[in-house]
Amino acid sequence: MTKDEFLTTLRTLIQDMPPEDRRDVMNYYTEYFEDAGPEREQEVLHQLGSPEQVAREVLGGGFAPAQEPAGAPRRSRGLISAIAMICAAPIALPLMAAGVLVVCCMALAALLCVGGLLLAAVVVVMMGGVSMGAALFAGGLGSGTVLYFLGSGLVLLAFGVLFVALFVRFGVFCFRKITDWASDFVNRRRVRQ
């Protein structure tokens, strides 16, 4: 049996596990083989036993890291990662803060645009009401003038209500997209860690 056959069989046997746990198990055994190296592959296979035994241990809750084979390189990824994070912090933290500020400014700009358009639509509705009110007081000017003010008031009122409805829906759409994008960004960051 080869490493690839072992891992393929193990993946098939633990397919009923939750995806995150299955990914952790597969990552562990893949790294275990990689750390031992290709020259020690058969020794690791002998030490681990059959994929069925490993799957029974994993599915039975007995998943515990196996002993490192003799001569296998020691893992120092945690230390290297910590040192890399400390060295990158002076650059990464300001960049991350700038990214958060850019996202906040974009959200504020979208909110202000939608708010301004909504305000304009409300003003159009109000102008329609004023025009219809003027039609009531323009009775002495003739029926043509009254009908003009009444018609223009109704048109402005209709367009204003239409625009208010559209801008409210557009605002909700923008808010949902921004929150979906932010949650996707945060979830992608969590998966990488």
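With respect to the overall build of the protein
Here is step 1 of the chain: The number of helices and strands found in the protein is six helices and zero strands.
Here is step 2 of the chain: Looking at the protein as a whole, 19% of its 193 residues are labelled buried.
Here is step 3 of the chain: Across the protein, every contact between residues at least 6 apart in sequence was considered, and the portion connecting residues at least 24 apart equals 66%.

So, the packing of helix α1 (residues 3-13) against helix α2 (residues 19-36)
Here is step 1 of the chain: At a minimum axis distance of 11 Å, the contact between α1 and α2 shows a crossing angle of 170°. Considered as vectors, α1 and α2 are oriented roughly antiparallel to each other. The residues of α2 that touch α1, namely those facing K3, F6, L7, L10 and R11, are V25, M26, Y29, T30 and F33.
Here is step 2 of the chain: When grouped by side-chain class, the residues that make up the contact of α1 with α2 number seven nonpolar, one polar and two charged.

Some words on the packing of aromatic side chains
Here is step 1 of the chain: As enumerated under the stated definition, the model contains six aromatic pairs in all.
Here is step 2 of the chain: Three or more aromatic residues joined by ring pairs make a cluster, and in this case those are F6, Y28, Y29, Y32 and F33.

Observations concerning the confidence of the model for the protein
Here is step 1 of the chain: Averaged over all residues, the pLDDT of the protein is 80; the fraction at 70 or higher stands at 88%.
Here is step 2 of the chain: Taken element by element, the predicted model of the protein shows its lowest mean pLDDT in helix α6 (residues 143-192) (80) and its highest in α1 (90).
Here is step 3 of the chain: Overall, residues 62-68 carries pLDDT values under 50, and its contacts beyond four positions in sequence, including any with other chains, amount to 14 contacts.

Remarks on helix α4 (residues 51-59)
Here is step 1 of the chain: Listed as buried for α4 are P51, V54, A55 and V58. The buried residues of α4 occupy an angular sector of 100° when projected down its axis, which confines them to one face.
Here is step 2 of the chain: Along its buried surface, α4 packs onto α1, α2 and α3 (41-48).

Notes on α3
Helical geometry: 3.6 residues make up each α-helical turn, so side chains three or four residues apart lie on a common side.
Here is step 1 of the chain: Residues E41, V44, L45 and L48 constitute the buried set of α3. Each buried residue of α3 sits inside an arc of 100° when the element is viewed along its axis, so together they form one side. Among the exposed residues of α3, those oriented more than 90 degrees off its buried face are Q42 and H46.
Here is step 2 of the chain: The inward-facing, buried residues of α3 abut α1, α2 and α4.
Here is step 3 of the chain: G49 occupies a position one or two residues after α3 and carries a positive phi of about 90°.

Things to note about the side chain of E41
Here is step 1 of the chain: Checked against the element boundaries, E41 lands in helix α3.
Here is step 2 of the chain: In this structure E41 is buried but unpaired, with K3 as the nearest side chain of opposite charge at 5.6 Å.
Here is step 3 of the chain: Here K3 takes part through its backbone nitrogen, which lies 3.0 Å from a polar atom of the side chain of E41.

Quick word on the nonpolar core
In a soluble, globular protein the nonpolar side chains are often hidden away together inside.
Here is step 1 of the chain: In this structure, F6, L10, I14, Y29 and L48 are the most contacted members of the largest nonpolar core, which totals 18 residues.
Here is step 2 of the chain: With seven residues, the top contributor of residues to this core is α2.
Here is step 3 of the chain: Each residue touching I14, except ones within four places of it in the same chain, is listed here: R22, V25, M26, A55, V58 and L59.

Conventions adopted
- Residues numbered from 1 in each chain as written.
- Predicted model: local features only at pLDDT ≥ 70, side-chain atom pairs only at ≥ 80, totals over all residues.
- Heavy atoms only, no water.
- Helix = DSSP H or I, 4+ residues; strand = E, 2+ residues; numbered from the N terminus.
- Buried < 20%, exposed > 50% of the residue type's maximum accessible area, 1.4 Å probe, protein only.
- Contact = heavy atoms within 4.5 Å.
- Axes fitted to C-alpha atoms, helices over the stretch in contact; angles between N-to-C directions.
- Parallel < 35°, antiparallel > 145°, perpendicular 65-115°, else oblique.
- Nonpolar A, V, L, I, M, F, W, Y, C, P; charged D, E, K, R; others polar.
- Phe/Tyr/Trp six-rings, centres within 6.5 Å; stacked < 30°, edge-to-face > 60°.
- pLDDT = per-residue confidence, 0-100.
- Arc of directions from axis to C-beta.
- Lys, Arg positive; Asp, Glu negative; His and termini not counted.
- Salt bridge = Lys/Arg side-chain N within 4 Å of Asp/Glu carboxyl O.
- Polar contact = N/O pair within 3.5 Å; in protein donor to acceptor, adjacent residues only side chain to side chain.
- Core = buried A, V, L, I, M, F, W, Y, C linked by side-chain atoms within 4.5 Å.

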